[in-house]
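# Structural overview
This is what each chain is made of:
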Amino acid sequence: MALPFAGLATAGLAIAAGVRPARLGMLSFHLLISGLGAVVSRLTGRALARRARRQRREAVPWDVRLRRPSWIELEMSGMLLWGAGLLAALPAAAGLSSVSVGVLLTLVVMVEVPLLSDAFMSPVDLTFQVGGLRMHLGAVSFQVPWELITRVEPVGPDHHRVFNLHLADRAALIASTTPPTASARARVERLLSMRRGSGVSLLVPLWTAGVDGLVLERAIEAGRRQESRRGGALN
Amino acid sequence: MAFAAVAAAGAVVRQVTLLLRRRRERAQRELPVAWNVALRDPIWSRASDAATVIAWGSGACAVVAAFGFVGVAVGMAATFGLLTFGMARVMGGWEARALTFTSDGLRVHFRRAELLVRWDNIDGVELTGAKHHLVEITVRSAEAVLASVHPRTARTLRQATYRLADRDGPIARIMFSDWTAGLAAATLARAIRDGAARGDRAATN
């Protein structure tokens, strides 16, 4: 993380030693971008760690739409800028200024676009309800009744927890889409494309609904247990 | 100009390979899958995906170059090429390179190793993904699959473990993308189901 600042310090020393500042302009620009990315990523990472610690002490609220704050994206975006700025600094250091701009642009687009499309495709917001978990994709939502959650499969360590939700009866999930339009159903169908027999598995990424992965996993398990106490056995 | 030419060539190759794949898919519907032969995706078929990437990437570079930013376009092309090549290398290490249908089971070949999924170990075969372009087989015993890994090194075992996704006790799933072994997903799923049925019959007799 300190690399761009070391680079900037070196550029400063080079200017002090008599190198024309104009020659180092593009290099400094990329190093600044990289440094900015490092700072943003580090600060966001700390804020997320604090958020996770706080959430692990509190219960997840029910009947409230839990939203994912947009600043959460800054951790990955900052990391991306850090790496892209450093790589783009290499051709800039060799005097290939315009090539370095191409490198920076391509890295940002090729890495940021998949990140954004993942955020678009995954359920961003969640509402815990008595009847089940409501998953929101913008204005579209669908209901996952607790009894249709057959398994919660954790992936990764506690501090970086994502999980697969294994759901039964894909057709019922799609039928619960609101608003009940063809385009809304198509969006839910795309989300639920990983079929398992008549069911489906759904990867719940980091910080879905702005909730720490481990907290979310435990809250969903608690919802399932509550359902099993009210009615049939746990699947 | 050079970028536009590369983009055009990529687009032509993509269209031709897509047509050839469609014809191949139709032909495969009527023919049985060959056994005891390592089935691989032909080079021209693999070129289809690469051509798509090249066509889009060079097209974007051509637009930037047309505005006079040739250096920027060169930087884009270099980065695009390196990223694509790097991703292909990484993915190539994990994906199945070939499949062999044998009387013992389905032999899955990787870059440095192979494993055997015995027919009687297969619990189900499904087509999944948004366009039904993925084949997923459920195995009853992941341990039996891991025990068949050859050669057995830490690296090959890690590769095989990665293949066995979605573990639930002894059960695991193995996924194959479309055109693994040069077979369309539907053909591959049918062939594995047939193999598993054959294995069941052999076990009964």
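Residues numbered from 1 in each chain as written. Chains lettered and ligands numbered in written order. Predicted model: local features only at pLDDT ≥ 70, side-chain atom pairs only at ≥ 80, totals over all residues. Heavy atoms only, no water.

Secondary structure summary: chain B contains 6 helices and 8 strands in total. In sequence order, chain B lays out its α and β elements as α-β-α-α-β-β-β-β-β-α-α-β-β-α. When its C-alpha atoms are laid out on the principal axes, chain B stretches across 70 × 40 × 30 Å. Considering only contacts within chain B whose residues lie at least 6 apart along the sequence, 61% involve residues at least 24 apart. (Helix = DSSP H or I, 4+ residues; strand = E, 2+ residues; numbered from the N terminus. Contact = heavy atoms within 4.5 Å.)

Another aspect to go through is the domain arrangement of chain B. All names here are of chain B. Its domain assignment divides chain B into domain 1 (2-94) and domain 2 (98-204). Contacts between the two partners involve 21 residues from domain 1 and, on the opposite side, 24 residues from domain 2. Counting the surface lost from both domain 1 and domain 2, the interface buries some 2000 Å², and carbon and sulfur atoms represent 57% of this. At the boundary of domain 1 and domain 2, one finds 0 salt bridges. Where domain 1 touches domain 2, the interface holds 7 residue pairs in polar contact (both at pLDDT 80 or more). For the side of domain 1 that touches domain 2, the secondary-structure elements that each account for two or more residues are α1 (2-30), β1 (38-40) and α3 (70-94). Considering every element that reaches the side of domain 1 that touches domain 2, the biggest residue donor is α1, with 5 residues. Residue composition of the side of domain 1 that touches domain 2, grouped by class: 9 nonpolar, 5 polar and 7 charged. (Domains from an automatic or database assignment. Buried area = accessible area lost by both parts, 1.4 Å probe. Salt bridge = Lys/Arg side-chain N within 4 Å of Asp/Glu carboxyl O. Polar contact = N/O pair within 3.5 Å; in protein donor to acceptor, adjacent residues only side chain to side chain. Nonpolar A, V, L, I, M, F, W, Y, C, P; charged D, E, K, R; others polar.)

Below, the discussion takes up the packing of helix α2 (residues 25-57) of chain A against helix α3 (residues 73-93) of chain A. Helix packing for two helices is described by the angle between their axes and how far apart those axes are. Residue and element names in this part refer to chain A. Remark: α2 packs on α3, axes separated minimally by 7 Å, with the N-to-C direction vectors making an angle of 160°. On the basis of their axis angle, the class for α2 and α3 is roughly antiparallel. The handedness of the crossing between α2 and α3 comes out as left-handed. In the contact of α2 with α3, the residues fall into 16 nonpolar, 8 polar and 1 charged. (Axes fitted to C-alpha atoms, helices over the stretch in contact; angles between N-to-C directions. Parallel < 35°, antiparallel > 145°, perpendicular 65-115°, else oblique. Left-handed = near helix turned anticlockwise from the far one by under 90°.)

Bringing the sheet that holds strand β4 (residues 114-118) of chain B into the picture now. All names here are of chain B. Pairing is antiparallel in the open sheet, where 4 strands are placed in the order β1-β2-β3-β4. Whereas interior strands pair on both sides, the edge strands pair on one side only; in this sheet they are β1 and β4. Between one strand axis and the next, the sheet turns by 25° as a mean value, whatever way the strands run. Examined bridge by bridge, β1 and strand β2 (residues 98-101) share 3 bridges and lie antiparallel to one another. Note on β2: the bridge partner recorded for Ala38 is Thr100. (Pairing = 2+ DSSP bridges.)

A cluster of basic side chains, namely B:Arg40, B:Arg46, B:Arg89, B:Arg97, B:Arg112, B:Arg155 and B:Arg158, defines a positive patch on the protein surface. Looking at the element boundaries, B:Arg155 is found in helix α5 (residues 154-163). (Patch = residues over 30% accessible without salt bridge, like charges linked within 9 Å, V, L, I, M, F, W, Y side chains within 5 Å. Areas by Shrake-Rupley, 256 points an atom, 1.4 Å probe, with all protein chains shown as cover. Lys, Arg positive; Asp, Glu negative; His and termini not counted. Charge placed at Lys NZ, Arg CZ, Asp CG, Glu CD.)

As a further point, take the interface of chain B and chain A. The interface of chain B with chain A comprises 23 residues on the first partner and 17 residues on the second. Summed over both sides, the interface between chain B and chain A buries roughly 1600 Å², with carbon and sulfur atoms accounting for 60% of that surface. Our count for the chain B to chain A interface comes out at 0 salt bridges. Counting every contact that joins chain B to chain A gives 2 residue pairs in polar contact (both at pLDDT 80 or more). Residue contributions to the side of chain B that touches chain A peak at 10 residues, all from α3(B). A per-class count over the side of chain B that touches chain A returns 10 nonpolar, 7 polar and 6 charged.

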